[in-house]
Amino acid sequence: MIIESTMKAVELLFSFDSEIYTIIFLSLAISLLATATASFFGTILGILISISDFKLKRFTKKIVFTFMGIPPVVMGLVVLLLITGPFDGMNLLFTKSAMYIAQTLLVLPIIVGNIIISSEKTQKKILETATTLGANKYHKITLLIKEIKPFILMSVILGFSRALSEVGAVMLVGGNIKNDTRVMTTYIALNNSMGEYSMSIAMGIILLLIAFVLHTLLARFRGDFYD
Amino acid sequence: MIEIKGLVVRYKTVEFKFDDYKFKKNMISIISGRNGTGKTTLLKSLSSLIEYEGNIKVNGEITYNSQEPILFNRSTYENIVYPLRIRNLDLNLYKEKIDKYTRVLSIDHLLNENALKLSSGEKMKVSIIRSIIFNPDIVLLDEPTTHLDLESIVELTTLIKELKNELTFIIVSHNSSFVEELKDEEYRLGGNHVYS
Ligand SMILES: Nc1ncnc2c1ncn2[C@@H]1O[C@H](COP(=O)(O)OP(=O)(O)OP(=O)(O)O)[C@@H](O)[C@H]1O
Ligand SMILES: [Mg+2]
């Protein structure tokens, strides 16, 4: 049965079925946008947290690290409660915007956390050196960003992987509506529950291919750094 | 030039009390003492990189060159000009100086290499040049001869002697011939640290 379904899956991929490609496009678009947003704010936040000294620093870090591993479905639930509660008026439930918000919040702690971890390893010596050479706060922040750039790129890719591969959050806030909020992972979940394995496998193959490309990039950045 | 009075540095389990002292301008002061007597601690407090109690009076700009060279992930040249760039200085005006220093220390062929790929001795030389290129008033060198071969130590001695009239050096070193060549004054450490 596996072979049969896989054959059918490959067939499906090359049939250029517009529904499938719309779904792939939507998946990539939402996850990319979410990752881009989270990366921008996450980098700034991560660097600020790691170079500043403040009272609740340890506590803040613990929170960030906890959220790095939050199950997507829980994040989905939180966003669901927010958009049906305090932000009800914005009519976000079952929209692409809601999916974008949920994924951004999901990726944000991954970026922030990874940047805190990587910059704490290198930052003390680098910042000390910069200080003694006469650098001010602005110089130090830009220097630090440059020094941990490979780590930033790595966390961005990790974040994107997470966004693209999660089901829980987009399912809850997007609702998996056909031709609207359906993405690759929710599509797989749906077809699976209906016994349509070949559809699931087709999407699975694409997700794997994307993951392969991402991790090839990741290995490159890692190589850059340890060279 | 630098005056210390009642200087005390506390770490979690050990406390360092430093004798009052005046490091004189345009002199080469050597700080000596066995491992763990607080030489690095003293240099770091002089350059305000760590917290301390008591008084340190510094006249002028001071810079600390650490025991293990810490370079940035960029070319040797970009490492050397970092202090100039953050001061918005015209790099062309420093070309001659960079040429000269890198030639004296025999690293002029490495200017375009990524600094993180250099050998330990080469890294130390880059880091020393980066510390003096921007004409600070006081340069603290923490064990500058570690990782350097004998010829390089002679080259460094020459360079420091040449710069002596412009800069004030405070140097920690265990290398006796290097110390003998350069020493104007000596500040000895030892016995003044208390473990709790
Ligand atoms: N940040 C720190 N926290 C706690 N203890 C420290 C810290 N820095 C240094 N010490 C301790 O203080 C002592 C002196 O350290 P320091 O680096 O000043 O010695 P040193 O004279 O430079 O030694 P060496 O010749 O080996 O370089 C050491 O025993 C070290 O363990
Ligand atoms: Mg030391």
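The coordinates are above.
Cut-off values and rules
Residues numbered from 1 in each chain as written. Chains lettered and ligands numbered in written order. Predicted model: local features only at pLDDT ≥ 70, side-chain atom pairs only at ≥ 80, totals over all residues. Heavy atoms only, no water. Helix = DSSP H or I, 4+ residues; strand = E, 2+ residues; numbered from the N terminus. Buried < 20%, exposed > 50% of the residue type's maximum accessible area, 1.4 Å probe, protein only. Contact = heavy atoms within 4.5 Å. Areas by Shrake-Rupley, 256 points an atom, 1.4 Å probe, with all protein chains shown as cover. Lys, Arg positive; Asp, Glu negative; His and termini not counted. Charge placed at Lys NZ, Arg CZ, Asp CG, Glu CD. Near = heavy atom within 4 Å. Polar contact = N/O pair within 3.5 Å; in protein donor to acceptor, adjacent residues only side chain to side chain. Nonpolar A, V, L, I, M, F, W, Y, C, P; charged D, E, K, R; others polar. Axes fitted to C-alpha atoms, helices over the stretch in contact; angles between N-to-C directions. Phe/Tyr/Trp six-rings, centres within 6.5 Å; stacked < 30°, edge-to-face > 60°. Donors = N, O, S within 2.8 Å, 3.2 Å for Na, K, Ca; no water. Buried area = accessible area lost by both parts, 1.4 Å probe. Salt bridge = Lys/Arg side-chain N within 4 Å of Asp/Glu carboxyl O. Core = buried A, V, L, I, M, F, W, Y, C linked by side-chain atoms within 4.5 Å.

Q: So what exactly am I meant to see when it comes to the overall build of chain A here?
A: The number of helices and strands found in chain A is 10 helices and zero strands. Taken from the N to the C terminus, the helices and strands of chain A come in the order α-α-α-α-α-α-α-α-α-α. Its C-alpha atoms give chain A principal-axis dimensions of roughly 65 × 45 × 25 Å. In chain A, which comprises 227 residues, the share counted as buried stands at 44%. Sequence separation of at least 24 residues holds for 77% of the intrachain contacts in chain A that already meet a minimum separation of 6. Surface exposure of chain A reaches about 12000 Å², of which carbon and sulfur atoms provide 70%. Computed over 19 positive and 14 negative side-chain charges, the separation of the two mean positions in chain A equals 14 Å.

Q: Please clarify how the environment of Phe94(A) should be interpreted in this entry.
A: All names here are of chain A. With respect to the helices and strands, the residue Phe94 is situated in the loop between helix 4 (72-84) and helix 5 (96-132). The class of Phe94 is partly exposed, set by a relative accessible area of 38%. Placed 76 residues apart in sequence, Phe94 and Val170 show a C-alpha to C-alpha distance of 8.9 Å. In contact with Phe94, not counting residues within four places along its chain, are Leu172, Val173, Gly174, Gly175, Ile177, Asp180 and Thr181.

Q: How should the site of ligand 1 be read in this particular structure?
A: Residue and element names in this part refer to chain B. The environment of ligand 1 is made up of 14 residues, and the closest members are Gly36, Lys39, Thr40, Thr41 and Gln67. His174 has a polar side-chain atom sitting 3.4 Å from an oxygen atom of ligand 1. The protein chains hide 61% of the 640 Å² of surface that ligand 1 would expose on its own. Ranked by residue count, the leading element in the shell around ligand 1 is helix 1 (residues 39-46), at three residues. Tallied by class, the residues present in the shell around ligand 1 amount to three nonpolar, eight polar and three charged.

Q: Before we go on, may I ask you to explain the packing of helix 3 (residues 95-104) of chain B against helix 5 (residues 150-163) of chain B in this structure?
A: The description of two helices packed together rests on the angle between their axes and the distance between the axes. All names here are of chain B. In contact at an axis separation of 9 Å, helix 3 and helix 5 are set at 145° when each is read in the N-to-C sense. Listed contacts from helix 5 to Lys100, Tyr101 and Val104 of helix 3 are Glu155, Leu159, Glu162 and Leu163. Considered class by class, the residues forming the contact of helix 3 with helix 5 number four nonpolar, no polar and three charged.

Q: Please explain the side chain of Asn79(B) as it appears in this structure.
A: Residue and element names in this part refer to chain B. When you line up the elements, Asn79 lands in helix 2 (residues 76-85). At 2.8 Å, the side chain of Asn79 and the backbone nitrogen of Phe72 are in polar contact. Within the structure, Asn79 has its side chain in polar contact with the backbone oxygen of Arg74 (distance 3.4 Å).

Q: Explanation requested: the packing of aromatic side chains in the structure shown.
A: Think of a pair of aromatic rings as described by two things: how far the centres are apart, and how the planes are tilted against each other in angle. Residues and elements named next belong to chain B. For the structure on display, the rule yields seven aromatic pairs over all chains. Between the aromatic rings of Tyr11 and Phe16, the centroid separation amounts to 6.2 Å while the plane-to-plane angle is 80°, which identifies the pairing as edge-to-face. Plain terms: the ring middles of Phe16 and Phe18 are 6.2 Å apart, the flat faces sit at 10° to each other, and that makes the pair stacked. A relative accessible area of 6% means that Phe16 is categorised as buried. Connected via pairs of aromatic rings, a cluster forms that spans Tyr11, Phe16 and Phe18.

Q: I tried to follow the coordination of the magnesium ion (ligand 2) on my own but got confused; where do I start?
A: As a benchmark, a tetrahedral metal site with four donors has ideal angles of 109.5 degrees, while an octahedral site with six donors has ideal angles of 90 or 180 degrees. Residue and element names in this part refer to chain B. The protein atoms donating to the magnesium ion (ligand 2) are Thr40 (OG1) and Gln67 (OE1), with metal-donor distances spanning 1.9 to 2.4 Å. With Thr40 in helix 1 and Gln67 in the loop between strand 6 (62-65) and helix 2, this residue pair connects regions lying 27 residues apart in the sequence. Classification of Gln67 by relative accessible area gives partly exposed; the value is 30%.

Q: Looking at this model, I keep getting lost on the interface of chain B and chain A. Mind explaining?
A: Every contact between the two is made by 18 residues of chain B and, on the other side, 15 residues of chain A. For the pair chain B and chain A, the summed buried surface comes to about 1500 Å²; carbon and sulfur atoms form 58% of the total. Taken as a group, Leu49(B), Ile70(B) and Ile86(B) account for 32% of the area that chain B buries against chain A, more than any other trio of residues on that side. Where chain B touches chain A, the interface holds one salt bridge. Our count for the contact surface shared by chain B and chain A stands at five residue pairs in polar contact (both at pLDDT 80 or more). Elements represented by at least two residues in the side of chain B that touches chain A include exactly strand 6, helix 2 and helix 4 (120-132) of chain B. The leading source of residues in the side of chain B that touches chain A is strand 6 of chain B, at three residues. Of the residues that constitute the side of chain B that touches chain A, the class distribution is 10 nonpolar, three polar and five charged.

Q: What's the story with the nonpolar core in this structure? I'm lost.
A: Within soluble globular proteins, side chains that are nonpolar tend to cluster in buried spots. Judged by nonpolar contacts, the single largest core of 46 residues is most densely connected at Tyr82(B), Ile132(B), Ile133(B), Ile160(B), Phe169(B) and Ile171(B). Contact partners of Tyr82(B), with chain neighbours within four places excluded, come to Ala130(A), Leu133(A), Ala135(A), His139(A), Leu143(A), Phe72(B) and Arg74(B). Counting 31 residues, the second largest nonpolar core, distinct from the first, contains Ile47(A), Leu144(A), Met154(A) and Leu218(A).

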